[in-house]
Amino acid sequence: MLSQLLTGIRLTLELGLFVGVIATVLAVVIGVASAYLGGIWDELLQLLTNVFLVIPALPLLVILLAT
């Protein structure tokens, strides 16, 4: 049981680290592009980022408000 738990934890930590690195790289690329391009591109990238930040909360809010 302990060996299965440790194996599962190892895989979960590896996946979490991998996803964290990908998210950080994407955030840096989008942030640098937004700062470098400026103007309308800055506004569009900011809007896109805000939409992606809000979308995960929407299903949770719908479930909470439905009860």
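Residues numbered from 1 in each chain as written. Predicted model: local features only at pLDDT ≥ 70, side-chain atom pairs only at ≥ 80, totals over all residues. Heavy atoms only, no water.

1. Considering the overall build of the chain
For step 1, the next point in the chain: The secondary structure content of the chain amounts to three helices and zero strands.
For step 2, the next point in the chain: Its helices and strands in sequence order give the chain the pattern α-α-α, from N to C terminus.
For step 3, the next point in the chain: Its C-alpha atoms give the chain a radius of gyration of 18 Å, more than 25% over the compact-globule value 11 Å for 67 residues.
For step 4, the next point in the chain: Taking the principal axes of its C-alpha atoms as reference, the chain extends roughly 55 × 40 × 5 Å.
For step 5, the next point in the chain: Out of the 67 residues in the chain, the part that is buried amounts to 4%.
For step 6, the next point in the chain: When the accessible area of the chain is evaluated, it comes to approximately 5900 Å², of which 81% is carbon and sulfur surface. (Helix = DSSP H or I, 4+ residues; strand = E, 2+ residues; numbered from the N terminus. Rg over C-alpha atoms; globule rule 2.2 N^0.38 Å. Buried < 20%, exposed > 50% of the residue type's maximum accessible area, 1.4 Å probe, protein only. Areas by Shrake-Rupley, 256 points an atom, 1.4 Å probe, with all protein chains shown as cover.)

2. Here we look at the pattern of salt bridges
For step 1, the next point in the chain: For the structure shown, the criterion picks out one salt bridge.
For step 2, the next point in the chain: The partner of Arg-10 in a salt bridge is Glu-14, with the nearest N and O atoms 3.1 Å apart. Here the residue Arg-10 and the residue Glu-14 both occupy positions in helix H1 (residues 2-37), the gap between them amounting to four residues, near one helical turn.
For step 3, the next point in the chain: Exposure remark for Arg-10: the relative accessible area of 46% places this residue in the partly exposed category. (Salt bridge = Lys/Arg side-chain N within 4 Å of Asp/Glu carboxyl O.)

3. Looking at the confidence of the model for the chain
For step 1, the next point in the chain: The share of residues in the chain with pLDDT of 70 or more is 100%, and the mean pLDDT across the chain is 87.
For step 2, the next point in the chain: For the chain, per-element mean pLDDT is lowest for helix H3 (residues 57-66), which scores 80, and highest for H1, which scores 90. (pLDDT = per-residue confidence, 0-100.)

4. Some remarks on the packing of H1 against helix H2 (residues 39-54)
For step 1, the next point in the chain: Remark: H1 packs on H2, axes separated minimally by 7 Å, with the N-to-C direction vectors making an angle of 150°. Taken together, H1 and H2 sit at an angle that is classed as roughly antiparallel. Where H1 approaches H2, its residues Ile-30, Ala-33, Ser-34 and Leu-37 are matched on the opposing element by Gly-39, Trp-41, Asp-42, Leu-45 and Thr-49.
For step 2, the next point in the chain: A class-by-class count of the residues in the contact of H1 with H2 yields five nonpolar, three polar and one charged. (Axes fitted to C-alpha atoms, helices over the stretch in contact; angles between N-to-C directions. Parallel < 35°, antiparallel > 145°, perpendicular 65-115°, else oblique. Contact = heavy atoms within 4.5 Å. Nonpolar A, V, L, I, M, F, W, Y, C, P; charged D, E, K, R; others polar.)

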